[in-house]
Amino acid sequence: MDIGGAYGGGKAGGAFDPIAFVQRPTVILRAVCWLFAIIVFGCISSEGWREEANGKEYCIINRDGNACNYAVGIGVIAFLAAMGFIAGEYLFEQMSSVKTRKHYVLADLGFSAFWSFLFFIGFCYLTNQWGKADDPPNGEGVNNVQASIVFSFFSIFTWAGCAYFAFLRFKAGVDPSFSSTYESDPSAAQQYAAYPASNENDQFQEAPFSGQQQQQQQQQQR
């Protein structure tokens, strides 16, 4: 991962290279998070629920509806967030404001670390409930639930990796050579404004009493 400019990105306004973009470790990792999220919520949504004789649905993970809903919830949000951060990676190089880049990096760091933790909770929760569950009729949905559990485990590390890259960006900070045309230091302007402007005419004012001395000299010469 290249670190430079401001928080890991170069100056705004550069040419966009799609090949270099898709080869970035952050973009690749986001794409992996996106794929894993689809597997986590897709497997539960398609085969995680069964219908009883009375028409009521139940979750095959120990009949715990919260387990199925939790897996689907974190998976869907992770899916949307991964797409959002991929778009953010594209827009990151276009951000001329250092403060905007900093806020984006901090949001990336916080969200990625938090979602890695949620996937850890989800993996433990699903594994515990699945171990207590009865075997579904004809083994239907077993592979889907197991896939959801496995990819919840993998997602812990992919989102943790995203948080790590965000931490590297935040640690890199701003290169001194990086300058933004849209930002200025208001304190510097106030410091310069505190000094009164000099009047060039003051340098050419006559010294006090110089006129009286000239008159006295003229009278003596007479």
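- The protein has the name Synaptogyrin in an unreviewed UniProt entry, where Anopheles quadriannulatus is given as its organism.
- Among the UniProt annotations of the protein, the heading Sequence similarities (unreviewed entry) holds the following wording: "Belongs to the synaptogyrin family."
- Under the UniProt heading Subcellular location (unreviewed entry), the entry covering the protein gives this text: "Membrane".

### Some words on the overall build of the protein
Next, step 1: Secondary structure assignment for the protein yields seven helices and two strands.
Next, step 2: The order of α-helices and β-strands along the protein, N terminus first, is α-α-β-β-α-α-α-α-α.
Next, step 3: Across the 222 residues that make up the protein, the buried fraction comes to 34%.
Next, step 4: The long-range fraction of contacts in the protein, counting pairs at least 24 apart against all pairs at least 6 apart in sequence, stands at 80%.
Next, step 5: Summing over all exposed atoms, the protein offers an accessible surface of approximately 13900 Å²; the carbon and sulfur share of this is 57%.

### Structural notes on the UniProt feature "transmembrane region" (unreviewed entry) in the protein
Next, step 1: Under the feature "transmembrane region" (unreviewed entry), the UniProt entry names residues 27–49, 69–92, 104–128 and 148–168.
Next, step 2: Taken end to end, residues 69–92 is 100% helix and 0% strand, and its two terminal C-alpha atoms sit 33 Å from one another.
Next, step 3: For the annotated span residues 104–128, helix accounts for 100% and strand for 0% of the residues, and the straight-line distance between the end C-alpha atoms is 36 Å.

### Comments concerning the packing of aromatic side chains
What characterises a pair of aromatic rings is the spacing of the ring centres plus the angle enclosed by the ring planes.
Next, step 1: A complete count under the given rule lists 17 aromatic pairs for this structure.
Next, step 2: Relative to W159, the ring of F111 has its centre 5.8 Å away and its plane inclined at 65 degrees; by these criteria the two rings are edge-to-face. Of this pair, F111 sits in helix α4 (residues 98–132) while W159 sits in helix α5 (residues 142–172); the two residues are 48 residues apart in sequence, bridging distant segments of the chain.
Next, step 3: Owing to a relative accessible area of 23%, F111 belongs among the partly exposed residues under this scheme.
Next, step 4: When the ring of Y164 is compared with that of F165, the centres are 6.1 Å apart and the planes differ by 50 degrees; the resulting orientation is tilted.
Next, step 5: Take F165: its relative accessible area is 19%, and that puts it in the buried class.

### Considerations on the side chain of S116
Next, step 1: Position of S116 relative to the elements: it lies in helix α4.
Next, step 2: S116 gets classed as buried once you look at its relative accessible area, which sits at 9%.
Next, step 3: Within the local environment of S116, its side chain forms a polar contact with the backbone oxygen of I156, the two atoms lying 2.7 Å apart.
Next, step 4: For S116, the residues in contact, after removing those within four places along its chain, are I156, W159 and A160.

### Considerations on the state of the cysteines
Next, step 1: All chains considered together, the criterion is met by one disulfide.
Next, step 2: Note that C59 is cross-linked by a disulfide to C68, the S-S spacing being 1.8 Å. Looking down the S-S bond of the C59 and C68 bridge, the torsion is 70 degrees, so its handedness is right-handed. Accessibility classification places C59 together with C68 in one group, the buried group.
Next, step 3: Note on C162: no disulfide assigned, nearest cysteine sulfur contributed by C33 at a separation of 3.9 Å.
Next, step 4: Residue C162 is classed as buried on the basis of its relative accessible area of 3%.

### Here's the deal with a nonpolar patch on the surface
Next, step 1: Among the surface-exposed residues, W34, L35, L80 and M83 lie close enough to one another that they form a single nonpolar patch of about 360 Å² accessible area.
Next, step 2: Going through the elements one at a time, α2 (25–47) and α3 (65–92) are the ones with two or more residues in the nonpolar patch.

Analysis parameters
Sequence order as written defines residue numbering, which begins from 1 separately in each chain. Thresholds applied to this predicted model are a pLDDT of at least 70 for local features of residues and 80 or more for the giving and counting of side-chain atom pairs; totals over whole chains, interfaces and linings are not thresholded and use all residues. The side-chain numbers reported here are obtained from all heavy atoms of the structure, hydrogens and water having been left aside. UniProt positions are given in the numbering used here, feature names are shortened, and annotations may be inferred rather than shown by experiment. The helix and strand labels rest on DSSP assignments: H or I over at least four residues marks a helix, E over at least two residues marks a strand, and numbering proceeds from the N terminus. For every residue, the accessible area (1.4 Å probe, protein chains only) is compared with the maximum for its type, and the residue is labelled buried under 20%, exposed over 50%, or partly exposed between those bounds. Contact between two residues is taken to exist if any of their heavy atoms lie within 4.5 Å; hydrogens are not considered. Areas reported here follow the Shrake-Rupley algorithm with a probe of radius 1.4 Å; residue values treat only the protein chains shown as occluding. In summary, the pairing rule links any two rings of Phe, Tyr or Trp, Trp by its six-membered ring, whose centres are within 6.5 Å, and it sorts them by plane angle into stacked for under 30 degrees, edge-to-face for over 60 and tilted for everything else. In protein, a polar contact requires one atom able to donate a hydrogen and another able to accept it; more generally it is a pair of N or O atoms within 3.5 Å, and residues adjacent in sequence count only if both atoms are side-chain atoms. Disulfides are defined as pairs of cysteine sulfur atoms found within 2.5 Å of each other. In this analysis, a patch consists of residues with relative accessible area above 30% that form no salt bridge, clustered at 9 Å for like charges and at 5 Å for the nonpolar side chains Val, Leu, Ile, Met, Phe, Trp and Tyr. A carboxyl oxygen of Asp or Glu within 4 Å of a side-chain nitrogen of Lys or Arg is what we treat as a salt bridge.

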